[in-house]
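# Coordinate analysis (summary)
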Amino acid sequence: MHIRIVDAFTDRPFSGNPAGVLLLDTDAFPDDTWLQNVALEVNHAETAFAHPLPGGGTADWALRWFTPATEVAMCGHATLATAHVLHTTGTHEGPVRFATRSGVLVAAPAEDGSVTLDFPTAPLTRLDLPEGVADALGTEPLTAFDTGPNVGDLLVEVADERTVRALRPDLNALGAHSERGVIATARAEDPSRGYDFVSRCFFPNVGIDEDPVTGSAHTALAPYWSERLGRPGLTGLQASPRSGRVRTELCGERTLLGGRAVTVIEGELLA
């Protein structure tokens, strides 16, 4: 079967967040051990596996995501990458509905090549800053929020964009404070550069020290910054070494995430 590596939330190869994508020609997923082994072999933040569903249902394709270490409940960039492959190969035309562990997720391609994802908005619950988080991050956060079961992160705002970019966290210590990891964010220093807020995402509990661009995290960042900045539509810059931008539109219980993707590798899986 074909296996592809797609850079998501970018319009340039070798930037954004790379994901493996396998479109299966079966009517069910293979054994979980095989799926996990393929994801480990691909060794990117996530590998997406999708198979077509019978017509007439609530979804068109079934979709699952695996890191090199475990299956995850929701992944934005690998969903964008899968939709990009379906659209650019002519396998599926128009919006595609994915049946996932997080419910039905819709990905709508546009004529300009971008894709808009319709994801559930993360419920934010304010927390007292857990003891040890400041030491693990190397800075004192201003606020802390739980992001709910689909995302599973601790969201913290820090002093400014420079602080976000300079973070060198103790990843082993961070892992004790959330299910998946920690999202660190701050307001953009200069919004004229085309983004409203910055973030970095550290996910040691699922085998990802730093995720390059995280769609699922923006389902929590969107409601947080939309309330702070007073606008439903924003652009986030994830300031990882590869970097990437995510357009967000807060629509109550749903959040729209927009971005582009580029296929950089296509090959045959022989195992």
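Structural notes, computed from the coordinates.

Cut-off values and rules
Residues numbered from 1 in each chain as written. Predicted model: local features only at pLDDT ≥ 70, side-chain atom pairs only at ≥ 80, totals over all residues. Heavy atoms only, no water. Helix = DSSP H or I, 4+ residues; strand = E, 2+ residues; numbered from the N terminus. Rg over C-alpha atoms; globule rule 2.2 N^0.38 Å. Buried < 20%, exposed > 50% of the residue type's maximum accessible area, 1.4 Å probe, protein only. Contact = heavy atoms within 4.5 Å. Areas by Shrake-Rupley, 256 points an atom, 1.4 Å probe, with all protein chains shown as cover. Lys, Arg positive; Asp, Glu negative; His and termini not counted. Charge placed at Lys NZ, Arg CZ, Asp CG, Glu CD. Pairing = 2+ DSSP bridges. Core = buried A, V, L, I, M, F, W, Y, C linked by side-chain atoms within 4.5 Å. Salt bridge = Lys/Arg side-chain N within 4 Å of Asp/Glu carboxyl O.

### A closer look at the overall build of the chain
Of regular secondary structure, the chain possesses six helices and 18 strands. Against the globule reference of 18 Å for 271 residues, the chain gives a C-alpha radius of gyration of 18 Å, in line with a compact fold. Referenced to the eigenvectors of the C-alpha coordinate spread, the extents of the chain come out at roughly 50 × 35 × 30 Å. Split into buried and exposed, the 271 residues of the chain put 54% on the buried side. In the chain, the share of contacts with a sequence separation of at least 24, taken over all contacts with a separation of at least 6, comes to 63%. If you sum the accessible surface of the chain, you get close to 11,600 Å²; carbon and sulfur atoms cover 50% of it. Between the mean site of the 20 positive side-chain charges and the mean site of the 36 negative ones, the chain shows a separation of 7 Å.

### Some words on the side chain of Ser15
Examined against the element boundaries, Ser15 turns out to sit in the loop between strand 1 (2–8) and strand 2 (17–23). Excluding residues that lie within four positions of it along the chain, Ser15 makes contacts with Asp7, Thr10, Arg242 and Ser243.

### A look at the pairing of strand 14 (residues 208–211)
Where strand 13 (residues 197–203) lies against strand 14, two bridges are found, and the strand directions are antiparallel. Along strand 14, the bridge assignment pairs Phe203 with Ile208.

### What about the nonpolar core?
When a protein is soluble and globular, its nonpolar side chains tend to lie buried together. Ranked by internal contacts, the top residues of the largest apolar core, which has 48 residues, are Trp65, Phe98 and Leu117. When near neighbours in sequence (up to four residues on either side) are disregarded, Leu117 contacts Phe9, Gly76, Thr79, Leu80, Val106, Ala107, Thr255, Leu256 and Leu257. The next biggest cluster of nonpolar side chains, apart from the first, holds 18 residues, and it includes Ala136, Leu154, Val164 and Tyr195.

### Comments concerning the pattern of salt bridges
Enumeration over the complete set of coordinates arrives at 15 salt bridges. The salt bridge involving Arg180 is made with Asp153; its shortest N-O contact spans 2.6 Å. Of the two residues, Arg180 sits in the loop between helix 5 (171–174) and strand 12 (181–187) while Asp153 sits in strand 11 (residues 153–157), which places them 27 residues apart along the sequence. The pair formed by Arg180 and Asp153 is uniform in burial state, with each residue classed as buried. Between Arg165 and Glu161 there is a salt bridge, with the nearest N and O atoms lying 2.9 Å from each other. Within this pair, Arg165 and its partner Glu161 are both found in helix 4 (residues 161–166), separated by four residues, close to a single helical turn. Given the relative accessible area of 39%, Arg165 is considered partly exposed.

### Here we look at the pairing of strand 8 (residues 115–120)
Across four bridges, the pairing between strand 7 (residues 103–109) and strand 8 is antiparallel. Bridge pairing in strand 8 places Val106 opposite Asp118. Here strand 7 hands over to strand 8 after five residues, with Gly113 in that stretch at a positive phi of 95 degrees. The pairing of strand 8 with strand 17 (residues 254–259) spans six bridges and is classified as antiparallel. Paired with Leu117 across the strands is Leu257, a residue of strand 17.

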